[in-house]
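Structure at a glance
Residues per chain are reported as follows:
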Amino acid sequence: MKWIRISLETDCENEALIADMLLELGFDGVEMIDNVPLNEADMAKMFIDIPPELDEGNKTAFVNCYVDPDVNIDEKLDIIKNGLDEMSMFMDVSGIKITVSDTEDKDWMNNWKEFFKPFRVDDKIVIKPTWEELSDKKDDDIIIEIDPGSAFGTGAHETTKLCILALKKYLKAQDSVLDVGCGSGILSIVARKLGAGVILATDIDSNAVQVARENSLINNIKTSYDENIVDDETMTFMCGNIIDDNSFRNKVGKKKYDVVVANILADIIMPLSDVIKDNLKDGGLFITSGILYTREEDVKNRLISNGFEIIDVIRMNDWVSIIAR
């Protein structure tokens, strides 16, 4: 869809006030673009391991809002100018520039799909988006169909590939598996295709849990939200925080899993390693990824301090998977 963009150029100090003004004037949403670095709290909330490179000396900010092309744009501009006039009583608005432009006529919700194509993780495992055809199918292929929806995880990223390869290397038939931070459910589905027994997929995001369940159904896997239904054919889903919520950790099950797989980030994996040993069977494996190479030693040291033995490290470009017992 094509939208009209109204952009207010200002400075970083005033962008939040202008954004609040636009919301109060009835605009449905605003976009703020600046070079202000995220603080540690924001990075933790957004699960960011690699902060963007910013020109911190540039204090210019843009506050954008988008309106339907059918509206009277002059009326919208008058509303904004009147709002700025009211703000001029307590801040300098003289330097604020307003520009109007058309956005491209694109299907923003689905445009990303053109970049997600079927690919091989190795010679046997194929990840295929639900809307694509597979042209080079082999008789013994393990095919995983995925529609990420609003969840993280197409399988194309190195961190997911590393986890898949580790599962293929270490998972034994009928092993019980706990997938922490399941996202789109891709690792749980791979585990099922590789012959795992009981599988529980968890995420702190209820939308991700729903997407993971839908992807499991696409792959003809029986699913349940009932933690009491635990068998070798049904994949179970739960939403909760296994790190901070002890009651949820108890519900997940103590000393129950042969394998725990977590493709998250170093700063999440480390506190997870403090508690996840309670859910692993004696001798169970903890397969981790989402670890930037610069954080490898940090994660290893935390695992060792929590009583884990590092048995394997797999690397792919800038990313690392650590497998510990």
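Our subject in this report is the structure included herewith. All of these numbers come straight from a predicted model, not from anything done at the bench. Counting restarts for each chain, with residues numbered from 1 along the sequence as it is written. In keeping with the predicted nature of the model, local features appear solely for residues at pLDDT of at least 70, side-chain atom pairs appear and are counted solely at 80 or more, and the whole-chain, interface and lining totals rest on all residues. Each side-chain value is derived from all of the structure's non-hydrogen atoms; neither hydrogens nor water enter the calculation.

1. So, the packing of helix 4 (residues 158–170) against helix 5 (residues 186–193)
Helix packing for two helices is described by the angle between their axes and how far apart those axes are. Here, axes are lines fitted to C-alpha atoms. For helices the fit covers the stretch in contact, and angles between N-to-C directions go from 0 to 180 degrees. Helix and strand assignments follow DSSP, with helices taken as H or I runs no shorter than four residues and strands as E runs no shorter than two, numbered in order from the N terminus. For the pair helix 4 and helix 5, the least separation of the axes is 10 Å and the interaxial angle reads 20 degrees. In terms of their interaxial angle, helix 4 and helix 5 are classed as roughly parallel. In terms of crossing hand, the pair formed by helix 4 and helix 5 is right-handed. When helix 4 is examined against helix 5, the residues Thr 160, Cys 163, Ile 164 and Leu 167 are found in contact with a partner set consisting of Ile 186, Leu 187 and Val 190. Three residue categories are used. Nonpolar comprises Ala, Val, Leu, Ile, Met, Phe, Trp, Tyr, Cys and Pro, charged comprises Asp, Glu, Lys and Arg, and polar comprises the others, including Gly. When grouped by side-chain class, the residues that make up the contact of helix 4 with helix 5 number six nonpolar, one polar and no charged. Roughly parallel refers to an angle under 35 degrees, roughly antiparallel to one over 145, roughly perpendicular to one between 65 and 115, and oblique to any angle outside these ranges. Definitions for this section: a left-handed crossing has its near helix turned counterclockwise from the far helix by less than a right angle. A right-handed crossing has that turn clockwise. Here, two residues are considered to be in contact whenever any of their heavy atoms come within 4.5 Å of each other.

2. Remarks on the pairing of strand 6 (residues 125–129)
Each regular strand displays side chains that alternate between the two surfaces of the sheet. Partly exposed describes any residue whose relative accessible area lies between the buried limit of under 20% and the exposed limit of over 50%, with all areas from a 1.4 Å probe on protein chains only and scaled to the type maximum. Most of strand 6 is tucked away, with five of its five residues classed as buried. Residue alternation in strand 6 divides its side chains into two sets, Ile 125, Ile 127 and Pro 129 and Val 126 and Lys 128, and both sets are buried. For two strands to pair, DSSP has to find at least two bridges joining them. Between the end of strand 5 (residues 119–120) and the start of strand 6, which pair antiparallel, lie four residues. Pairing of strand 6 with strand 7 (residues 142–146) involves five bridges; the strand directions are parallel.

3. Details of unusual backbone geometry
Backbone phi values are negative for most residues with the exception of glycine, while trans is the configuration of most peptide bonds. In this model, Asn 220 sits at a positive phi of 60 degrees, which is unusual for a non-glycine residue. Tracing the sequence through the fold places Asn 220 in the loop between helix 6 (206–218) and strand 10 (222–224). Located in the positive-phi region is Asn 317, a residue other than glycine, with phi close to 55 degrees. Mapped onto the elements of the fold, Asn 317 is located in the loop between strand 14 (310–316) and strand 15 (319–324).

4. Concerning helix 8 (residues 266–275)
For helix 8, the buried fraction is high: seven of the ten residues fall into the buried class. When we look at burial in helix 8, the residues that qualify are Ala 266, Ile 268, Ile 269, Met 270, Leu 272, Ser 273 and Val 275. Those residues of helix 8 hidden inside the fold are in contact with strand 8 (177–180), helix 7 (246–252), strand 12 (257–263), strand 13 (280–292) and helix 9 (296–305).

5. Some remarks on the state of the cysteines
Disulfide: a covalent bond formed between the sulfur atoms of two cysteine residues. Defined by distance alone, a disulfide is two cysteine sulfur atoms within 2.5 Å. Here the structure, examined in full by the defined rule, presents zero disulfides. Here Cys 239 stays unpaired: no disulfide links it, and the sulfur of Cys 182, its closest cysteine neighbor, is 8.9 Å away. On the accessibility criterion, Cys 239 (40% relative accessible area) is partly exposed.

6. Focus on the sheet that holds strand 9 (residues 199–203)
Read from one edge of the open sheet, eight strands run 10-11-9-8-12-13-15-14, paired in mixed fashion. Bordering the open sheet on either side are strand 10 and strand 14, each of which pairs with just one other strand. For this sheet, the mean angle separating the axes of adjacent strands, direction not counted, is 15 degrees. Helix 8 contacts strand 8, strand 12 and strand 13 of the sheet and is inclined by roughly 165 degrees relative to strand 13.

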